[in-house]
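Spelled out, the chains give:
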Amino acid sequence: MTNQKETTAFGSSVGADERQPIQKCADNSISACNENIKGFGEMQKELLRELSPSSLKTITMSELYDTVYDSKPPLIDGLLYPGAYIFAGSPKLGKSFLMAQFAYHVSTGTPLWNYTVRKGTVLYLALEDDYRRLQERLYRMFGMESAENLYFSVSAGQLGRGLDEQLTKFVVEHPDTKLIIIDTLQKVREVGGDNYSYANDYQIITRLKSFADTHGLCLLLVHHTRKQTSDDKFDMISGTSGLLGAADGAFLLYKEKRTGNAATLEVSGRDQQEQKLYLLRNPETLLWDFQKAETELWKEPPEPLLDEIAECVMKDVSFWEGSATELVALLNADVQVNIITKRLNILAGRLYDEHGIHYKKGRCHEGRKIILWKDAEETA
């Protein structure tokens, strides 16, 4: 009788079709064997995590601090940020005129009221208007000062029926797109989307938010309010709470007197301070003018490390790279070598927003390195 080598099979999660020989430890020490078994076990666990749909993808606090995440600089400082936002108000209140102001100021980069604006391409889907009305409105509001990177359309597909592809194509053709306004949300709800259930409303906004997050832009969704009043005015947004629950934030425009020119704009969101702004509509230009804010904008406290990098490292150069030790040696700030990279990982967004300096970490033969640079236009 021929002796056959004893075999055993891997766990089913590996998906191996052939039986494999048992691991032999006769020629190794017990500790070495244990290390091999431990390594085998870790491999099995990793494969299980990848293959099992029920496994949670987790990250430790240390891994969070070791990761650099893309920053989300605001379009309008303290007011409008990347993400999906609802802009709600009663019909014929002047929402579209305020949307035109947002669109114009972002496309030109000119300040809106007392807010700093970052310039970018804008797409405005004015789905309840026609081009003649848009022409008259914009001329009355802005005169002959036009913007080449502000685009309009009075027709579009619906979600699941062409809109997704249309928006994607526009962003591909205009990679600097910062803002897309959909006026109104009801016009692009998919067929059968008049089912105002929480799940349906939540799914619609989640779908639009996913698009905004993927492309790093702001989707501003114009919507209506219901007639019923509420202690929390954001509860007046038409539909279920699923709309606001899935969105990154909301703007609510309302008047105390329907026939008056004064209005209040309330802002609530994940990435900005809650605000209440008092506006007055100019009867000649139809522009919304800023009157006052209920509270001043909160500003983050100064960060000496970022100021030191801007002044001591990047003041006269557009590019720098080196080790953490080399960077600390150039700074006057009190920071330890072993934590400066983690602090920069966390503060990378502020470093760019406040000083226009990009940051990333890399590796070379000598070890880890820090890379800092400015945009070409910053140094032109």
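Look a little higher up for the structure.
Quick caveat: nothing in here was measured; it's all calculated off a predicted structure.

Conventions used here
- Residues numbered from 1 in each chain as written.
- Predicted model: local features only at pLDDT ≥ 70, side-chain atom pairs only at ≥ 80, totals over all residues.
- Heavy atoms only, no water.
- Pairing = 2+ DSSP bridges.
- Helix = DSSP H or I, 4+ residues; strand = E, 2+ residues; numbered from the N terminus.
- Right-handed = clockwise from strand over helix to strand, strands pointing away.
- Axes fitted to C-alpha atoms, helices over the stretch in contact; angles between N-to-C directions.
- Parallel < 35°, antiparallel > 145°, perpendicular 65-115°, else oblique.
- Left-handed = near helix turned anticlockwise from the far one by under 90°.
- Contact = heavy atoms within 4.5 Å.
- Nonpolar A, V, L, I, M, F, W, Y, C, P; charged D, E, K, R; others polar.

Caption draft 1: Structural context of the pairing of strand β5 (residues 150-153). In the sheet, strand β4 (residues 121-126) pairs with β5 via four bridges, with the strands oriented parallel. Within β5, the residue paired with Leu-125 across the bridge is Ser-153. Viewed along the sheet, the connection from β4 through helix α4 (residues 131-142) into β5 turns out right-handed.

Caption draft 2: Summary view of the sheet that holds strand β13 (residues 357-364). Taken together, the three strands give an open sheet; going across it, the order is β12-β14-β13, and neighbouring strands pair in antiparallel fashion. Since the sheet does not close on itself, it has two edges, and those belong to β12 (319-322) and β13, each with one partner. Averaged over all neighbouring strand pairs, the angle between strand axes comes to 15°, with direction disregarded. Here β13 runs beside strand β14 (residues 367-374); their pairing, made up of eight bridges, is antiparallel. Considered in β14, the bridge of Lys-360 is made with Ile-371.

Caption draft 3: Spotlight on the packing of helix α9 (residues 304-313) against helix α11 (residues 337-355). It is the contact of α9 with α11, at a shortest axis distance of 9 Å, that shows an interaxial angle of 70°. It follows that α9 is roughly perpendicular to α11 by the angle criterion. Both α9 and α11 take part in a crossing whose hand is right-handed. Note on element contacts: α11 touches α9 through Ile-340, Arg-343, Leu-344, Leu-347, Arg-350, Leu-351, Glu-354 and His-355, opposite Leu-305, Leu-306, Asp-307, Ile-309 and Ala-310. A breakdown of the residues in the contact of α9 with α11 according to their chemical character gives eight nonpolar, one polar and four charged.

Caption draft 4: Region of interest: the sheet that holds strand β7 (residues 218-224). In spatial order, the strands read β5-β4-β6-β7-β3-β8-β9-β10-β11; together these nine strands make up an open sheet with mixed pairing. Two strands bound the open sheet, and with one partner strand each, they are β5 and β11 (288-293). Averaged over all pairs of adjacent strands, the angle between strand axes in this sheet comes to 20°, irrespective of strand direction. Note: strand β8 (residues 249-254) against strand β9 (residues 262-269), six bridges, orientation antiparallel. Bridging across to β9, Tyr-254 finds its partner in Thr-264. Contacting β4, β5 and β6 (177-183), helix α5 (residues 163-173) crosses the sheet at an angle of about 155° to β4.

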